[in-house]
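Survey of secondary and tertiary structure
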Amino acid sequence: MKVLLSFDQIQARVLEMGAQLTADYSGREPHLVGVLKGACPFMTDLAQAIELPLTLDYIAVSSYGRATKSTGEVKLVKDLDQGLEGRDLLIVEDIVDTGLTLNYLVNLLGARGPRSLKVVTLLSKPARRLVSVHVDYVGFTIEDEFVVGYGIDFAQRNRNLPHIGKVRFIEESPKE
């Protein structure tokens, strides 16, 4: 695994994003909705970097299972604990890849009547988009590479890495 983004790079960018959100939401109380499980480290650090009163909630969806590629089918695994009507909603993602999960969430949560809805992601991989989605705040734009760490996993592993690493899969050649 090769380190793509160091812990220090991530923390510096999260602080910048927190300052931007503090300025953009001045006088309001944003409601952050983290997409489980990957967004947990990012959302925790981001919430601490926003110098405003705010509330937090989590939602869980699945489109990968144990695969390295999205199945294309998004299903709700855990819904929100709080209502969204009249709130300033920030969907917090670890990575926006194909856009399928984010598109599903924007439609699902947007129908619940928030005053505003914006998307914050640590990583964006535009080369993989299958549907057009708007991301309002992007930490880093990356190439089409498989990454793990800082909440992002492969088969539920590597979420605890403090950095984001690029994974190279070695395919076995057929035996003769």
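These remarks concern the structure in this document. As the structure is a prediction and not an experimental result, all values here were calculated from the model.

Here we take up the side chain of Glu93. Within the fold, Glu93 resides in strand β5 (residues 88–96). No salt bridge is formed by the buried Glu93; the nearest opposite charge belongs to Arg159, separated by 9.4 Å. Look past the residues within four positions of Glu93 in its chain and what remains in contact with it is Val35, Ala39, Phe42, Thr101, Leu102, Leu105, Val120, Thr121 and Leu122.

Strands sit in the order β1-β9-β8 across an open sheet of three strands; the sheet is antiparallel. Both edges of this open sheet fall to β1 (2–5) and β8 (147–148), since each of them pairs with a single strand only.

All buried positions along helix α3 (residues 100–110) are accounted for by Leu100, Thr101, Leu102, Leu105 and Leu109. On its buried face, α3 is in contact with β2 (31–36), β3 (55–62), β5 and β6 (116–124).

Attention now moves to the packing of aromatic side chains. Evaluated as defined, the whole model comprises one aromatic pair. Each ring, one from Phe146 and one from Phe154, has its centre 5.7 Å from the other, and the planes form 90°; the classification is edge-to-face. Judged by its relative accessible area of 19%, Phe146 falls in the buried class.

Another point: the nonpolar core. Formed by 28 residues in total, the largest nonpolar core has its most connected members in Leu21, Phe42, Leu46, Val120, Leu122, Leu123 and Ile164. Apart from the residues within four sequence positions on either side, Leu21 is in contact with Leu46, Ile50, Leu52, Leu90, Val120 and Tyr137. Val61, Leu84, Val96 and Leu102 belong to the second largest nonpolar core, which has 17 residues in total.

In total, this model carries 10 salt bridges according to the counting rule given. In this structure, Arg28 engages Asp88 in a salt bridge whose closest nitrogen and oxygen atoms are separated by 3.2 Å. Here Arg28, found in the loop between α1 (7–24) and β2, pairs with Asp88, found in strand β5; they are 60 residues apart in sequence, far enough to count as distant. Here Arg128 and Asp144 are joined by a salt bridge, their closest N and O atoms 3.7 Å apart. Residue Arg128 is located in the loop between β6 and β7 (137–141), and its partner Asp144 is located in the loop between β7 and β8; the two are separated by 16 residues in the primary sequence. One network of salt bridges, with partners in common, ties together Asp97, Lys125, Arg128 and Asp144.

This part is about helix α2 (residues 40–49). Taken residue by residue, α2 has Phe42, Met43, Leu46, Ala47 and Ala49 as its buried positions. One side of α2 holds all its buried residues, which, seen down the axis, span an arc of 160°. Next to the buried residues of α2 lie α1, β2, β3, β5 and β6.

Time to look at the sheet that holds β2. A sheet is described by the order of its strands in space; here six strands give the open sequence β4-β3-β2-β5-β6-β7, paired in mixed fashion. The sheet is open, and its two edges are formed by β4 (75–78) and β7, each paired on a single side. Between one strand axis and the next, the sheet turns by 25° as a mean value, whatever way the strands run. As paired elements, β5 and β6 share eight bridges and run parallel to each other. Within β6, the residue paired with Leu90 across the bridge is Lys118. Sheet contacts for α3: β2, β3, β4, β5 and β6; angle to β5, the most-contacted strand, approximately 165°.

Turning our eyes to something else, we now look at the side chain of Asp97. For Asp97, the position within the fold is in the loop between β5 and α3. Its relative accessible area of 10% is what places Asp97 among the buried residues. In terms of polar contacts, Asp97 uses its side chain to reach the side chain of Arg128, at 2.8 Å.

Cut-offs and rules
Residues numbered from 1 in each chain as written. Predicted model: local features only at pLDDT ≥ 70, side-chain atom pairs only at ≥ 80, totals over all residues. Heavy atoms only, no water. Helix = DSSP H or I, 4+ residues; strand = E, 2+ residues; numbered from the N terminus. Buried < 20%, exposed > 50% of the residue type's maximum accessible area, 1.4 Å probe, protein only. Lys, Arg positive; Asp, Glu negative; His and termini not counted. Salt bridge = Lys/Arg side-chain N within 4 Å of Asp/Glu carboxyl O. Contact = heavy atoms within 4.5 Å. Pairing = 2+ DSSP bridges. Phe/Tyr/Trp six-rings, centres within 6.5 Å; stacked < 30°, edge-to-face > 60°. Core = buried A, V, L, I, M, F, W, Y, C linked by side-chain atoms within 4.5 Å. Arc of directions from axis to C-beta. Axes fitted to C-alpha atoms, helices over the stretch in contact; angles between N-to-C directions. Polar contact = N/O pair within 3.5 Å; in protein donor to acceptor, adjacent residues only side chain to side chain.

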